[in-house]
Amino acid sequence: MSQSVDRALTLLGSLGDGPVTLEQAAGSIGVHKSTALRLLRTLEEHGFVHRLSDRRYRVGGRVLSLAQRALQEIDVRQVAAPYLAALNERCGCTVQLAVLQDDEVLYLDELAGRWSTDPGRPSRIGRRAPAAGTAIGRVLLAGTATTGTATTGTATDTLATDLAAVRRRGWAAESAEHREAVTCVAAPVAGSDGRAVAACAISAPADRMPSAELLRLVPELLCTAEAVSLAYGGSPTPRWCENRCGARPAARASRT
């Protein structure tokens, strides 16, 4: 039974990269097609898998429903939502919110910018990325007690130096470092102990907004991150006036 559960979950995870054929599904878990078909049919019966007209299989609506409920239970996303919306409207760039989980960035929310016109571009909500390879990830690493990296030698020293610099200035930047050709700046959302519980970021296509231009939006980003921290009940470093973001929280949110 445990082997079947393991195979089913592994198979379901493989569907996150897009629809697959029966042959591809079987190959992803190293079983015969008949075994993969039984697993897929069981997952389909429970709504976790959907069979397309071309006989490929994709993630079913039940997964999306559960994911949405899980995201809604992470209250920092709810607290940050109006501030992120206001920042997105002011700057016109893509705005994101993420947390650190198992040494990876987990994106909780994303509001597309004015250049995000490609209907085929998937949202990053629910997706993961290497923490050390992204600005939003380095902000989160810098805001925790340890870097959580498994690298050694020069790579560790370089990352430690970078994180120390991020910690001092309160934000991080990147330019086309992780897959997509984008520029990005990120800042931490502080919890009650002053550590980063989340991070928010502004990003734009590198060919539309060079790094130097995006850096001009850092004050707007820092103000928003501080306002979210205050609304969440955290203790951010008082560097920027929260009125810049145009939304002063009436009361601090409870974290239950």
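In what follows, the accompanying structure is described. Quantities reported herein were computed from a predicted structural model and do not represent experimental measurements.

## Comments concerning empty space enclosed by the protein
So, step 1. Applying the stated rule across the entire model yields one cavity of 30 Å³ or more.
So, step 2. In this structure, the largest cavity spans a volume of roughly 30 Å³.
So, step 3. If you go around the largest cavity, the residues you meet are A173, E174, T183, C184, V185, S211, L214 and L215.
So, step 4. Of all elements in the fold, only β6 (172-175), β7 (182-190) and α8 (211-215) reach the threshold of two or more residues within the lining of the largest cavity.
So, step 5. Grouping the constituent residues of the lining of the largest cavity by class yields five nonpolar, two polar and one charged.

## Comments concerning the packing of aromatic side chains
Aromatic ring pairs: the centre-centre distance and the angle between the two ring planes describe each pair.
So, step 1. Scanning the model with the defined rule gives zero aromatic pairs in all.
So, step 2. Over the aromatic face of W171 sits the side chain of R169, whose NZ or CZ is 4.7 Å from the ring centroid.

## Re the pattern of salt bridges
So, step 1. Following the criterion strictly, the structure yields six salt bridges and no others.
So, step 2. For R56, the salt bridge identified is with D54, shortest N-O distance 2.8 Å.
So, step 3. Residue classification places R56 among the partly exposed positions, given a relative accessible area of 32%.
So, step 4. Overall, the relative accessible area of 43% leaves D54 in the partly exposed class.

## Observations regarding the nonpolar core
So, step 1. With 33 residues, the main nonpolar core has C93 and I202 as its most contacted residues.
So, step 2. Contributing elements (two or more residues each) for this core: α5 (75-91), β3 (94-101), β4 (104-111), β7, β8 (196-205) and α9 (218-232).
So, step 3. Looking at this core, the element that brings in the most residues is α9, giving eight residues.
So, step 4. Those residues in contact with C93, other than ones at most four positions away along the chain, are N88, L111, A112, G113, W115, I202, S203, A204, M209, L214 and L217.
So, step 5. By size, the runner-up hydrophobic cluster in this structure holds 20 residues, among which are V105, A131, V139 and A142.

## Thoughts on the environment of V20
So, step 1. By the element assignment, V20 lies in the loop between α1 (2-14) and α2 (22-29).
So, step 2. In the structure, V20 is positioned 32 residues away from L52 in sequence and 9.8 Å away in space, judged by C-alpha atoms.
So, step 3. In contact with V20, not counting residues within four places along its chain, are L15, A25, R56 and Y57.

Each value, and the rule that gives it
Residues numbered from 1 in each chain as written. Predicted model: local features only at pLDDT ≥ 70, side-chain atom pairs only at ≥ 80, totals over all residues. Heavy atoms only, no water. 1 Å grid on protein atoms, 1.4 Å probe; cavity = no way out; pocket = protein on both sides within 12 Å on 5 of 7 lines; lining within 4 Å. Points joined across faces, edges and corners; volume = space filled by probe spheres on them. Helix = DSSP H or I, 4+ residues; strand = E, 2+ residues; numbered from the N terminus. Nonpolar A, V, L, I, M, F, W, Y, C, P; charged D, E, K, R; others polar. Phe/Tyr/Trp six-rings, centres within 6.5 Å; stacked < 30°, edge-to-face > 60°. Lys NZ or Arg CZ within 6 Å of the ring centre and 35° of its normal. Salt bridge = Lys/Arg side-chain N within 4 Å of Asp/Glu carboxyl O. Buried < 20%, exposed > 50% of the residue type's maximum accessible area, 1.4 Å probe, protein only. Core = buried A, V, L, I, M, F, W, Y, C linked by side-chain atoms within 4.5 Å. Contact = heavy atoms within 4.5 Å.

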